[in-house]
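Next come the chains, spelled out residue by residue.
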Amino acid sequence: MNYRKPSSSRRPLHGFTLVELLVVITIIGILVALLLPAVQSAREAARRTQCANHLKQLGLALHNYHYAHEALPWGSTYNSTLNTVTWASQILPNMERQAHYDSFDFSVPITHANNAKAVTTVVESFICPSDPAGSLGVLPARCQCCPGSPEKSMAMWYVGSVGPAYDQACSFCPSTTPGAANFCCQGKAYGDQGDGPGMFYRAPISVRFANVKDGLSNTIMLGETLPEQTIHNMAFASNMPLSKTNTPINTMVPKNQLPVVGASDSANHATNPHNTSIGFKSLHPGGAMFCMGDGSVQFFMESIDFKLFNELGTKNGGEVVTLP
């Protein structure tokens, strides 16, 4: 048999030239740049779905509370001599959080040491996952007022709707003269005097579904907010886990007007105006999530017609509306 002698010669190894390496790096960079928005979009879609589920849970809990008590819970106990009770604390048993509810001592003020653990217990269903601050859950107070807020408390990303009620001003309304005929300037002090147009009042007043003449499916019950934007950022404080419709969706407070931890009430009130801070807003691109009175969850674009948005905020406005 004939054997071929192995050749001792080998082809020389060919490495990447600098130009080739730069081309490869450029192509990889382009691919990453193309894929990153899609990845971010998918993540936001997942967060938005989770957010909608949280609102759905809260809406169901409110319906179960109404079934048991024949009325919705109070929005808050602001401007009363009662100890702090909010809708957020009262629906805890309807969220399968009976132990958390039982840890509150409603016979003493919410600032009492007896309530220190209860107010700082994290409730995941109160948090919008699109807000990085949601990873904290518990935030420091920006307001020690009316009649007091805990130094730290579970913050609130989902708030009850007082509709087109006002307090300091109706800055975004065509007419700033309050009255029932003004579609976006009604219910002084967010309805704490019993004249609120929305599903909740900033007062110990309950609303019955039977009294929502505009129809539950056409009336906003809950919506999103960003607790770091306002001095009223707590779930378990009398003032207040509520918001209004006469501020356009996603109206953000400028950085120089954000409430400062540790600042006096007067300073934060002066720099953090209600007309922009107490509004429905989110970090979802283009709009915010809402839970209607029938428990359905809707995403409203920030470009929604302003008059329609306020009409969806009233429970007895008599308007004929169609959801966007």
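Caption draft 1: The arrangement of the sheet that holds strand β3 (residues 158-161) in detail. The strand order across the open sheet built from 5 strands is β7-β3-β6-β8-β9, with neighbouring strands paired in mixed fashion. What marks the edges here is a single partner per strand, and that holds for β7 (242-243) and β9 (297-301). Bridging between β3 and strand β6 (residues 220-224) involves 3 bridges; their strand directions are antiparallel. In the strand pairing of β6, V159 is matched with G223.

Caption draft 2: Geometry of the state of the cysteines. For the structure shown, the criterion picks out 2 disulfides. Each sulfur in the disulfide pair C170 and C185 lies 1.8 Å from the other. Taking the torsion about the sulfur-sulfur bond, which here is approximately 75°, the covalent link between C170 and C185 counts as right-handed. Residue C170 is found in the loop between β4 (165-166) and β5 (186-187), and its partner C185 is found in the loop between β4 and β5; the two are separated by 15 residues along the sequence. Judged by relative accessible area, C170 falls into the buried class, the value being 4%. In this model C173 forms its disulfide with C184; the gap between the sulfur atoms is 2.1 Å. Taken as a pair, C173 in the loop between β4 and β5 and C184 in the loop between β4 and β5 lie far apart in primary sequence, 11 residues in all. Here C173 matches C184 in class, with each residue buried.

Caption draft 3: Inspection of empty space enclosed by the protein at higher detail. Counted under the stated rule, the structure contains 3 cavities of 30 Å³ or more. Counted as a void, the largest cavity has a volume near 60 Å³. Taken together, V159, T225, T230, H232, M240, L242, S243, S277, I278 and G279 form the lining of the largest cavity. Looking at the lining of the largest cavity, its residues break down into 4 nonpolar, 6 polar and no charged. Counted as a void, the second largest cavity has a volume near 40 Å³. The class makeup of the residues in the lining of the second largest cavity is 5 nonpolar, 4 polar and 1 charged.

What counts and how
Residues numbered from 1 in each chain as written. Predicted model: local features only at pLDDT ≥ 70, side-chain atom pairs only at ≥ 80, totals over all residues. Heavy atoms only, no water. Pairing = 2+ DSSP bridges. Helix = DSSP H or I, 4+ residues; strand = E, 2+ residues; numbered from the N terminus. Disulfide = S-S within 2.5 Å. Buried < 20%, exposed > 50% of the residue type's maximum accessible area, 1.4 Å probe, protein only. 1 Å grid on protein atoms, 1.4 Å probe; cavity = no way out; pocket = protein on both sides within 12 Å on 5 of 7 lines; lining within 4 Å. Points joined across faces, edges and corners; volume = space filled by probe spheres on them. Nonpolar A, V, L, I, M, F, W, Y, C, P; charged D, E, K, R; others polar.

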